[in-house]
Amino acid sequence: MSSSNTGKVVQATYGGRFAEGPSALMLRFSESVSFDARLAPFDIAGSKAHAAMLARCGMLSTGERDAIHAGLDQILAEINAGRFEWRTALEDVHMNIEQALTARVPAAAKLHTARSRNDQVATDMRLFLKDAAGRVRAALRALVGVLLDLAEGAQAVLIPGYTHLQRAQPVSAAHHLLAYVEMFARDLERFGEFAKRANVCPLGSGAIAGTTLPIDREFAASLLGFTDAAGRPRVTGNSMDAVADRDLFVEFASHCALCGVHFSRVAEDLILWSSAEFGFAVMTEAFTTGSSLMPQKKNPDSLELLRGKSARLQGNLHTLLTLTKGLPLTYNRDLQEDKPPVFDSFDTVLLSLEVLRETLRGMRFNPARCAGAVADPLLLATDLADYLVRKGVPFRAAHHVIGTLVALSEKQGVPLDKLSLEQVRAVDGHFDADWVDVFDLGTAMRARERTGMPGPRQTAGQLARWRKHLDADAEAGA
Ligand code: ARG
């Protein structure tokens, strides 16, 4: 490669066709090494597998293969130590590594045999995405673990459940937290399925139409861990799709965006709970901030940022959908823009899951405020209708009767459970003296013990089920 101060560079990788290199402006515009350098470990793993395959198929001697392997190991060590000199003029991670290798190991001039940057980058990204899915899954497991701990301690804390942000029916705080567990467990499952779909090797697809050389795609795929449960290699079935396909990028960003929707909804609940108006929960100081002007303020900034970051995750998904929708097959340089949104979604989701976990870990319920709110007898208006249903009143009629009583209690300024037996019997003759027993919260919760309901035994069972599930998932290591 030659380089000059004018920025005119003739690329050794494709220089033959060109009299002079791209302008400095074009290089600044077209480089991707500033963001794809992080693919280096995957690019090097891919190159090592490719070199091993070339040797196996007689296109490299074992000596050449070993020299290439040693050179790549050395380069990776330098990169990890921050001693590798990345050069923008070499465009991307692939050319930086290949050229650094060729400068040290002459045989590296053969490394790009039967390979294109198109199948190379597709392979790198699948390796990256498999690894990323594993990391996101580990972060999700850790978050769910903290949610389970919190729920464990909140089984006796009762709060109003809300619809339309209006008080609806009583639930335990544990049941509310277990709703989040369900959401994040679905994310866990989604990233697991995603990792399975990512587990197919595009290497050997070349630029678009494979190669005339006698390669062994399955061998390289096996070396890179693109294998099924039985250890059989999995390779892509169409060379054109393999280099043009970005479905996995979109899927990954989509799973991240949905996970973001989940942590944003959790954040919104916690922001409400930590307000003076609700007062159900107290946030740890470590994840709140003060005001530069108002001395009393303790703002839930980590939660607000989580809500904000979820917008970014949706933006990344949208970028990828728009980027790919109108592209003719196969590779187009537009596709270089596919990496920043994927990397940003990965980084954002990983950091957010960690922040949410730690914010939750430090959260405490305020039992007095929860008890005060859940003591509202109107939360049991539906239970009162069920009382009449047990006495044979059709539910629609019972609903109307209780509605009448609610209106009466409002008009008289008397809590629903403090109306007299005479007053309620005047509205419907099915009420007996035991009608006030409906307002016992303990009884109301114990009446909800069917699967998925907030009864105490049901909640304990769900906690145990999730703990087991989480252990099994971690065990499987997927
Ligand atoms: N940096 C490029 C990208 O990320 C690598 C593939 C380049 N291929 C090509 N035909 N120019 O898309």
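A brief structural summary. Treat the numbers as computed from the prediction; the structure is a model and nothing was measured.

Scoring rules and cut-offs
Residues numbered from 1 in each chain as written. Predicted model: local features only at pLDDT ≥ 70, side-chain atom pairs only at ≥ 80, totals over all residues. Heavy atoms only, no water. Axes fitted to C-alpha atoms, helices over the stretch in contact; angles between N-to-C directions. Helix = DSSP H or I, 4+ residues; strand = E, 2+ residues; numbered from the N terminus. Parallel < 35°, antiparallel > 145°, perpendicular 65-115°, else oblique. Left-handed = near helix turned anticlockwise from the far one by under 90°. Contact = heavy atoms within 4.5 Å. Near = heavy atom within 4 Å. Polar contact = N/O pair within 3.5 Å; in protein donor to acceptor, adjacent residues only side chain to side chain. Areas by Shrake-Rupley, 256 points an atom, 1.4 Å probe, with all protein chains shown as cover. Patch = residues over 30% accessible without salt bridge, like charges linked within 9 Å, V, L, I, M, F, W, Y side chains within 5 Å. Salt bridge = Lys/Arg side-chain N within 4 Å of Asp/Glu carboxyl O. Buried < 20%, exposed > 50% of the residue type's maximum accessible area, 1.4 Å probe, protein only. Expected span 1.5 Å × (residues − 1). Pairing = 2+ DSSP bridges. Core = buried A, V, L, I, M, F, W, Y, C linked by side-chain atoms within 4.5 Å. Phe/Tyr/Trp six-rings, centres within 6.5 Å; stacked < 30°, edge-to-face > 60°. Lys NZ or Arg CZ within 6 Å of the ring centre and 35° of its normal.

1. Let's talk about the packing of helix H14 (residues 381–390) against helix H15 (residues 395–412)
Running from N to C, H14 and H15 cross one another at 130°; their axes reach a closest spacing of 9 Å. With respect to H15, the element H14 is oriented oblique. The chirality of how H14 crosses H15 is right-handed. Across the interface between the two elements, Ala381, Leu384, Ala385, Asp386, Leu388 and Val389 of H14 pack against Phe395, Ala398, His399, Val401, Ile402 and Leu405 of H15.

2. Brief notes about the site of the ligand
Around the ligand lies a shell formed by Ser32, Asp92, His94, Arg117, Asn118, Tyr331, Gln336 and Lys339. In this structure, Asp92 approaches the ligand through a side-chain N or O atom, which is 2.9 Å from a nitrogen atom. Between the ligand and Tyr331, the relevant distance is 2.3 Å, taken from an oxygen atom to a side-chain nitrogen or oxygen of the residue. Taking 340 Å² as the accessible area of the ligand by itself, protein coverage stands at 87%.

3. Re a nonpolar patch on the surface
Among the surface-exposed residues, Ile208, Met240 and Leu329 lie close enough to one another that they form a single nonpolar patch of about 270 Å² accessible area. Structurally, the position occupied by Ile208 is in the loop between helix H7 (173–198) and helix H8 (217–223). Take Ile208: its relative accessible area is 36%, and that puts it in the partly exposed class.

4. Thoughts on the pattern of salt bridges
Inspection of the entire model under this criterion finds 30 salt bridges. The partner of Arg104 in a salt bridge is Glu78, with the nearest N and O atoms 2.9 Å apart. Here Arg104 is found in helix H5 (residues 93–104), whereas its partner Glu78 is found in helix H4 (residues 62–80), with 26 residues between them in sequence. Residue classification places Arg104 among the partly exposed positions, given a relative accessible area of 33%. Classification of Glu78 by relative accessible area gives buried; the value is 15%. Of the charged contacts in the structure, one is a salt bridge between Arg467 and Asp149, with a shortest N-O distance of 3.0 Å. Taken together, the positions of Arg467 in helix H18 (residues 456–476) and Asp149 in helix H6 (residues 117–153) put the pair 318 residues apart, joining distant regions of the chain. The exposure class assigned to Arg467 is partly exposed, which follows from its relative accessible area of 28%.

5. Considering H6
In an α-helix, one full turn covers 3.6 residues, which means residues spaced three or four apart are oriented alike. Look at H6: 53 Å from first C-alpha to last across 37 residues, which is about the 54 Å you get at 1.5 Å a residue. Most of H6 is tucked away: 27 of the 37 residues are buried. Its side-chain oxygen 2.8 Å from the backbone nitrogen of Asn118, Ser116 forms the N-cap of H6.

6. What to know about the pairing of strand S3 (residues 158–163)
Sheet topology note: the S3/strand S4 (residues 166–172) ladder contains six bridges and is antiparallel. Note on S4: the bridge partner recorded for Thr163 is Gln166. Linking two consecutive strands that pair antiparallel, namely S3 and S4, is a turn of two residues; a positive phi of about 55° is found at His164 within it.

7. A short note on the nonpolar core
In this structure, Phe128, Phe184, Phe252, Trp273 and Leu353 are the most contacted members of the largest nonpolar core, which totals 102 residues. Looking at which element gives the most residues to this core, the answer is H6, with 17 residues. Once you skip the residues sitting within four places of it in the chain, Phe128 turns out to touch Arg38, Leu39, Phe42, Val342, Phe343 and Phe346.

8. Looking at the packing of aromatic side chains
In total, this model carries 14 aromatic pairs according to the counting rule given. Here the aromatic rings of Phe252 and Phe346 are separated by 6.4 Å at their centres, their planes lie at 55°, and the arrangement is tilted. Here the residue Phe252 occupies a position in helix H10 (residues 247–273), and Phe346 occupies one in helix H12 (residues 339–361), the gap between them amounting to 94 residues. Between Trp273 and Phe280, the ring centres sit 6.4 Å apart and the planes meet at 50°, which makes this aromatic pair tilted. Using a relative accessible area of 3% as the deciding quantity, one classes Trp273 as buried. When its relative accessible area of 2% is taken as the criterion, Phe280 is described as buried. Each residue in the set Phe42, Phe128, Phe191, Phe194, Phe252, Phe343 and Phe346 is aromatic and connected to the rest through ring pairs, giving one cluster. The residue whose ring lies beneath Arg38 is Phe343, and the NZ or CZ to ring-centre distance is 4.6 Å. A cation sits over an aromatic face here: Arg465 above Trp466, 4.5 Å from the ring centre.

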